[in-house]
Structures are given as structure tokens and as C-alpha cells.
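Residues per chain are reported as follows:
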Amino acid sequence: MTANPEIAAWARSGAMALTGRSDGPPQLVAGAPATTVRRNLEALSATAAAVGLDPPPLPDERLLGERAAVMGLRRQGRVSAGGATRLLDAADGTVALTLSRQADLEVLPALLERNTVSADPWHDVAAWAAVQDARDIEERAALLGLAIGAVHHSVEAAVGGLSTPLGRPPRAASANAPLVVDLSALWAGPLCAHLLGLVGAQVLAVESTQRPDPTRDVAPGFHALLRGNAEHCSLDFTSREDVARLRDLLVGADIVIEAARPRALAQLGIDAHEVAAEGHGTWVSITAYGRAQNRIGYGDDVAAAAGLLGEGPVFAGDAVADPMTGTHAALAALSHWAAGHSGVVELSMYDVVHAARTPLPESHVVRRGDDWYVDDGSELHLVRRPVARQAIR
């Protein structure tokens, strides 16, 4: 019997140490998040080298644990490592709900159909959910703008959800490095831009003065890690002059990254397909469930909805849908640019995670001293704690 590569990668990634109950052992998951991330990064490096970008060695599957390492997060079972998402029992299943914004708390009375919510909103939501069907909870909460996913609930795949290289001749090895304009926030989009920057792209991160990236305040060390190799630009999207400047930036970019529902830019008079056609660049659109679905989602609730969980169920790692999608987005963006392709590349976080689902491998977890190991029948794999690279200054 040979060693299981996914078990080895999952144990090494730092994400396994974040999976399981706080008072129990770390767990394996029915999926391949670690090998998915590693293969994306290997393919990204190879694609960059093919067009003469001469990339340095890229990070590996330990990207999965970087945010937790920077923020000091730990596994918490049915509460996400970041603390904003919880698994709730429904009458016929399980849902994953995120309450990370003040606006989320403000709509809870409408969700629960009551005038007020107690000092412990999670208690109220859990009691209400216990007598509701999971599908009904998901539909009602999504209509109110909450990030929610019914576990194992089937979602239609987004068109182009898993983009791959187009099979066309790549750009010449002497091609200039692409100009990337990044409109995204949080993790998946900024990670995509960060990785493109590592392989040689020129990255400009554009933020709204009204709604800057919340990671800047919530996790400044992690924000510095992802944004350290980018230039920065803040624009007032209520200003006609700044909106015009934004459009010029997008039209002039080789690659655009955004991770919002289409209506966000539509309110500014900007349409992804029109800008991509005008500028002849590649527009990478990251959403939770596809551009056609007006839903929001975050790394933990989307991963749970796609079935990527530990036994219990418990959350898998820390918002694993984000780094899985971020690495895939970077590969898709560079591959399409290298092939001379223009247009909109749609990436659904749900589709990326769902595509990586695999049977739970046979193994068992053992403890020796202060450390945990996974025995796959061939060798023992140390379950490593999350680690993070140093931010680029």
C-alpha cells in the first residue's frame, strides 16, 4: 500500500488542524481541498513559465491555513474557525449560516417573523431553524441577503464555473507581464491577485472609499500578506469623475478581478461583458453560486453547502472555499490571458468546491504526545499547525 497524497497534503496544509471539535482530534474531510490548491499552484507556475514570466517558487497547500495562522484561529467544531458562521440543525438536515455584519443582525427579526431578537441571536435562530425545512430556511434567508447554504443542497452549475486553459497557442515567451486591476475584497479575489503578482503581473488594488476591504481592519496582518505586492488606489464611487476613472482602468487592464454580485457594478453603469469586449481583456468574476444567482456567500457557508465538512458535521478548515477558488481563479486568469482570450470568466465558489468532492479516505487519527498524526495504512502523517508566510513590505 502506498501513501495517500491527499491525506499527506491535508495533514500538512494546516487546515486539518482546524477541522473538528475543540475538545476532539483533527479530522479528515470528504474532498480534496489540499491537493486541489497544490495542483492549481503548480499549474499556475508552469503557465507563467511558458510565457516567460520567470516566477519564483510559489507557496503550496499551506495557503489553506494562512489566515488562521495570522489571526490565531483554532478549530471550533460547528462554529467556524473565524467565528461568524455556524452549522444549525433544521427539521430535515443542516444549514450553514453566516452573521458577520451588523446588517445581518438587523434582518433577523424579519427572518424569524418576530419584532425583536434576544441578546443571544444565535440561540433564537437555532430554535427557529430546528422546526423548519432546510430548503425553506435557505430560500428565506437568501431573500433577506444573508449568506446561507443548505448542506448538500443541489445548486445549478454556473456557466464556465470551472475554467481551464483554452488550448490555444500561448503568448510568446517574451510577452509583457499582464496588468491586473483587482476590485475584490476579503480572501478569494485578493489571493488571486496576490498570486498573479507573485508570478510577475503588475497588480493595482482598487477600493471604494465608502466600502473599503473589511480585512484591512479585521485582520490587518492578513491584509498585508495578500496586498503587499500590489499598488493601491481608492475611488469615490459616488463621484462621476472617479467612476469614469474606474472604467478607464478596467478597459485598460489585461485582467480584471471582481467578486461581487453583478448588480454592484451595474449600479455604476459598468457591465463586465461590455468592458471586456471594449478592452479585449480577461474579466474574472468570482461569486458564491454564479452570476445568475443573486446570492452572497462566504468561504465557510459555501464549503458546507457543497458538502465539504468533517464528521459531525463540523466545519472543514478555515473558509476553505476562498483559497480553493482564489488559486483556481489565478490559474484561469493567467491561462486565458496567455491564450489571448478576452471575455468574462465566471467562477462559482460552490462549483470549485463541489468539483473537488471525493470519498472519505480510509485512515485513522492517533495522538502521540502533544501531536496528532494520520495513519493511512502506509505511513504516519504529522498534522501540522497553520503557518503563514511573511508579508511583502
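As shown above, the structure is provided for reference.
What comes next concerns the included structure.

Cut-offs and rules
Residues numbered from 1 in each chain as written. Predicted model: local features only at pLDDT ≥ 70, side-chain atom pairs only at ≥ 80, totals over all residues. Heavy atoms only, no water. Helix = DSSP H or I, 4+ residues; strand = E, 2+ residues; numbered from the N terminus. Buried < 20%, exposed > 50% of the residue type's maximum accessible area, 1.4 Å probe, protein only. Phe/Tyr/Trp six-rings, centres within 6.5 Å; stacked < 30°, edge-to-face > 60°. Pairing = 2+ DSSP bridges. Axes fitted to C-alpha atoms, helices over the stretch in contact; angles between N-to-C directions. Salt bridge = Lys/Arg side-chain N within 4 Å of Asp/Glu carboxyl O. Patch = residues over 30% accessible without salt bridge, like charges linked within 9 Å, V, L, I, M, F, W, Y side chains within 5 Å. Areas by Shrake-Rupley, 256 points an atom, 1.4 Å probe, with all protein chains shown as cover. Lys, Arg positive; Asp, Glu negative; His and termini not counted. Charge placed at Lys NZ, Arg CZ, Asp CG, Glu CD. 1 Å grid on protein atoms, 1.4 Å probe; cavity = no way out; pocket = protein on both sides within 12 Å on 5 of 7 lines; lining within 4 Å. Points joined across faces, edges and corners; volume = space filled by probe spheres on them. Nonpolar A, V, L, I, M, F, W, Y, C, P; charged D, E, K, R; others polar.

Take the side chain of Thr35 next. Tracing the backbone shows Thr35 in helix α2 (residues 33-50). Looking at Thr35, the relative accessible area reads 3%, which means it is buried.

A few words now on the packing of aromatic side chains. One pass over the full model with this rule turns up 2 aromatic pairs. Between the aromatic rings of Trp187 and Phe222, the centroid separation amounts to 5.2 Å while the plane-to-plane angle is 85°, which identifies the pairing as edge-to-face. With Trp187 in the loop between β4 (179-182) and α8 (188-198) and Phe222 in helix α10 (residues 220-227), the pair connects residues that are 35 residues apart, well separated along the chain. The exposure class assigned to Trp187 is buried, which follows from its relative accessible area of 4%. The interplanar angle of 35° and the centroid separation of 5.7 Å between the aromatic rings of Tyr289 and Tyr350 together place this pair among those described as tilted. Placement of Tyr289 in the loop between β8 (282-287) and α14 (299-305) and of Tyr350 in helix α16 (residues 349-355) is noted, with a sequence separation of 61 residues between them. On the basis of relative accessibility, which here comes to 1%, the residue Tyr289 falls in the buried class. For Tyr350, a relative accessible area of 3% corresponds to the buried category.

Strand order in the open sheet formed by 3 strands is β12-β13-β14, and the pairing between neighbours is antiparallel. Strand pairing shows two members of the sheet lacking a second neighbour, β12 (364-368) and β14 (380-382), which therefore form its edges. Strand-to-strand twist across the sheet, computed as the mean angle between neighbouring axes with direction ignored, equals 35°. In terms of strand pairing, strand β13 (residues 371-375) meets β14 through 3 bridges, oriented antiparallel. Paired with Tyr373 across the two strands is Leu382, which belongs to β14.

Moving on, we get to the pattern of salt bridges. Evaluation of the coordinates by the stated rule reveals 18 salt bridges. Two residues, Arg62 and Asp60, come together in a salt bridge whose shortest N-O distance is 3.0 Å. Between Arg67 and Asp318 there is a salt bridge whose closest N-O contact spans 2.6 Å. One end of the pair, Arg67, is in helix α3 (residues 66-71); the other, Asp318, is in the loop between β10 (314-315) and α15 (321-338), with 251 residues separating them in the sequence. Here Asp318 falls in the buried class, since its relative accessible area comes to 0%. Bridged by salt links that share partners, the residues Arg12, Asp60, Glu61 and Arg62 form one connected network.

Side chains of Asp92, Asp133, Asp136 and Glu139 sit close together on the surface and give a patch of like negative charge. Following the sequence through the fold, Asp92 ends up in the loop between β1 (85-90) and β2 (93-98).

We now examine empty space enclosed by the protein. Taken as a whole, this structure holds 2 cavities of 30 Å³ or more when the rule is applied. Within this model, the largest cavity holds a volume of roughly 50 Å³. In terms of lining, the largest cavity is formed by Leu250, Ala253, Asp254, Ile255, Val256, Val275, Ala276, Gly281, Thr282 and Trp283. Of all the secondary structure elements, the ones that give two or more residues to the lining of the largest cavity are β7 (255-258), α13 (272-279) and β8. Of the residues belonging to the lining of the largest cavity, the class tally is 7 nonpolar, 2 polar and 1 charged. In this structure, the second largest cavity encloses a volume near 30 Å³.

Turning our attention to a nonpolar patch on the surface. A contiguous nonpolar surface patch, about 240 Å² in accessible area, is contributed by Val70, Met71 and Val218. For Val218, the location among the structural elements is in helix α9 (residues 215-218). By relative accessible area, Val218 is classed as exposed at 62%.

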